[in-house]
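# Examination of the molecular architecture
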Amino acid sequence: MTQQIFIAGLLKDRVAFVTGGGTGITGGVARALAEAGAGVALVSRQIDHLEPAAAVINEQGGRAFAVAADVRNPDEVAKAIAATVEHFGKIDIVVNGAAGNFLCPADQLSPNGFGSVVDIDLKGTFNVCRAAFEELKQHRGQILNISATLHYLGTPMQLHVSAAKAGVDALTRNLAVEWGRHGIRVNAIAPGPIADTEGMKRLVPEPIKEKLRQRIPLGRFGLIKDIENAAVFICSDAANFINGAVLVVDGGHWLAANRLL
Ligand code: HXC
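Along each chain, residue indices are assigned from 1 in the same order as the chain's sequence is written. With the structure being a predicted model, the display of local features is reserved for residues of pLDDT at least 70 and the display and counting of side-chain atom pairs for 80 or more, all residues being used for whole-chain, interface and lining totals. Excluding hydrogens and water, the side-chain values take into account all heavy atoms of the structure.

## A word on the nonpolar core
Within the largest apolar cluster, 34 residues are counted, with the highest numbers of intra-cluster contacts made by Leu33, Val40, Leu42, Val95, Leu144 and Ile189. Secondary structure counts use DSSP, requiring at least four H or I residues in a row for a helix and at least two E residues in a row for a strand, with both numbered from the N terminus. Among the secondary structure elements, those contributing two or more residues to this core are strand 1 (15-19), helix 2 (24-35), strand 2 (39-44), helix 3 (47-59), strand 3 (63-68), strand 4 (93-96), strand 5 (142-146) and helix 9 (224-235). For this core, the element with the highest residue contribution is helix 9, accounting for seven residues. Ile81, Ala98, Val128 and Ala132 belong to the second largest nonpolar core, which has 28 residues in total. Here, nonpolar core refers to any group of buried Ala, Val, Leu, Ile, Met, Phe, Trp, Tyr and Cys residues whose side-chain atoms link them within 4.5 Å. Exposure is judged per residue with a 1.4 Å probe applied to protein chains only, and the accessible area is read against the type maximum: over 50% gives exposed, under 20% gives buried, and values in between give partly exposed.

Here's what the structure looks like:
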């Protein structure tokens, strides 16, 4: 589908460093960037998630490389960046998709539980951006952060993730201004409810799924493919003047959560 929408080789000669690139939404984004011609480094804590994902891309004619790193650890991130540059010669796209989540009411959330999610989602995003800066500057590259819509309204049981993703949006806008001067574009995608994801399985209880679907103006859950297509667009030259945007891909869901319904 990606190749039917986008011209073949749209991202050829690009190299993407994709955290959380082994599974879920960002796994799809990594595959889509590879289908569009980019070399992709798949980065997460667990190499056993990454190697099968890299193998699938390579078997389908793409270029993928798996490297283990915990985004919470700046030394591991620096080593993963260096390993990617050694493997592919450069990095000109960074996708920050590594994330952690669980449902927990705020009054039961431990400081370490709150901190763990902020460490992965927000500080991990910063660690990767910071470590990739010189590479991105050299190649006038770009950053794509995977955010959320949870913090646009108060989302129960999601204080920790909402706070972290609000920080990711702030980081996106600040870096767009500071690093835009170096030709680096910094944008985010905020996915709404996406079917067949770990987030959906673990965070949306089965009995409320149908109710949730009915509240989405387009009448369906998103597909990982919807996020892939948005990501390929943002990473392509078609988006050359888009900087500091948080592109909401949610079928209009959060706008429909108004006080009259
Ligand atoms: C309450 C919990 C908890 C739970 C963990 N904690 N799970 N608290 N309810 N269900 C608390 C622990 O008790 C501990 O605090 C602290 O969080 C750290 O837990 P650890 O297991 O030691 O941490 P770690 O192994 O680093 O795991 C991090 C994690 C975990 C975030 C807690 O869930 C994780 O690694 N997830 C990665 C994969 C993932 O979640 N993917 C889904 C992303 S979906 P104490 O005080 O006990 O020490 C997504 C979608 C967002 O992001 C948008 C949704 C719509």
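So much for the structure itself; the text now carries on.
## Observations concerning the site of the ligand
In the neighbourhood of the ligand, 16 residues make up the surrounding shell, with Arg45, Arg72, Ser110, Asn112 and Arg202 lying closest. In the model, an oxygen atom of the ligand is placed 3.0 Å from a nitrogen or oxygen of the Asn101 main chain. Any pair of nitrogen or oxygen atoms within 3.5 Å is treated as a polar contact; in protein, a donor-acceptor pairing is required on top of that, and neighbouring residues in sequence qualify only through side-chain atoms on both sides. Residue Asn112 places a side-chain N or O atom 2.8 Å away from an oxygen atom belonging to the ligand. Methods summary: accessible areas were calculated by the Shrake-Rupley approach with a probe of 1.4 Å, and residue burial reflects only the protein chains presented. Relative to its unbound accessible area of 1100 Å², the ligand is 56% covered by the protein chains. The nearness test applies per residue and asks whether one of its heavy atoms lies within 4 Å of the molecule or strand.

## Brief notes about the packing of helix 4 (residues 74-88) against helix 5 (residues 111-139)
Running from N to C, helix 4 and helix 5 cross one another at 35°; their axes reach a closest spacing of 9 Å. Helix 4 and helix 5 meet at a crossing whose hand is right-handed. Side by side, helix 4 and helix 5 meet where Pro74, Val77, Ile81 and Val85 of the first sit next to Asn127, Val128, Ala131, Ala132 and Glu135 of the second. Here the axes come from fitting lines to C-alpha atoms, over the contacting stretch only for helices, and the angles between their N-to-C directions go from 0 to 180 degrees. By the definition used in this description, the sense in which the near helix is turned from the far one sets the handedness, with an anticlockwise turn below a right angle giving left-handed and a clockwise turn giving right-handed. Two residues form a contact once any of their heavy atoms are found within 4.5 Å.

## Section: the sheet that holds strand 7 (residues 246-249)
For two strands to be treated as a pair, DSSP must find no fewer than two bridges joining them. With parallel pairing, seven strands are arranged side by side in an open sheet as 3-2-1-4-5-6-7. Looking at the sheet topology across the chains shown, the edges are occupied by strand 3 and strand 7. Averaged over all neighbouring strand pairs, the angle between strand axes comes to 20°, with direction disregarded. Relative to strand 3, strand 2 runs parallel, the two sharing six bridges. Bridge assignment links Gly39 to a residue of strand 3, and that residue is Arg63.

## Remarks on the pattern of salt bridges
Two side chains of opposite charge can pair, provided their charged atoms sit close to one another. Whenever Lys or Arg places a side-chain nitrogen within 4 Å of a carboxyl oxygen from Asp or Glu, that contact is recorded as a salt bridge. This structure, assessed with the given rule, holds 11 salt bridges. One salt bridge in this structure joins Glu198 and Arg202, with 2.8 Å as the shortest N-O distance. Of this pair, Glu198 and Arg202 both sit in helix 7 (residues 198-203), four residues apart, which is roughly one turn of the helix.

## Some thoughts on the side chain of Asn96
Looking at the element boundaries, Asn96 is found in strand 4. The residues contacting Asn96, other than those within four sequence positions of it, are Thr19, Gly124, Thr125, Val128, Cys129, Ile143, Leu144, Asn145 and Ile146.

## Describing the pairing of strand 1
Across the five residues of strand 1, five count as buried, placing the element largely inside the fold. Alternating positions in strand 1 separate into two faces, Val15, Phe17 and Thr19 on one and Ala16 and Val18 on the other, with burial throughout. Orient the strands so they point away from the viewer, and a crossover whose first-strand-to-second-strand path over the helix runs clockwise is right-handed. In this view, the connection linking strand 1 to its parallel neighbour strand 2 by way of helix 2 has right-handed handedness.

## Points about the state of the cysteines
Note on terminology: disulfide denotes any pair of cysteine sulfur atoms within 2.5 Å. For the structure on display, the rule yields zero disulfides. The cysteine Cys129 is free of any disulfide, with Cys235 supplying the nearest cysteine sulfur at 13 Å.

## Describing unusual backbone geometry
Even without being a glycine, Asp13 presents a positive backbone phi close to 75°. Here Asp13 falls in the exposed class, since its relative accessible area comes to 54%. Of note in the backbone geometry, Met157 takes a positive phi value of approximately 70° without being a glycine. Its place among the elements puts Met157 in the loop between strand 5 and helix 6 (159-180).

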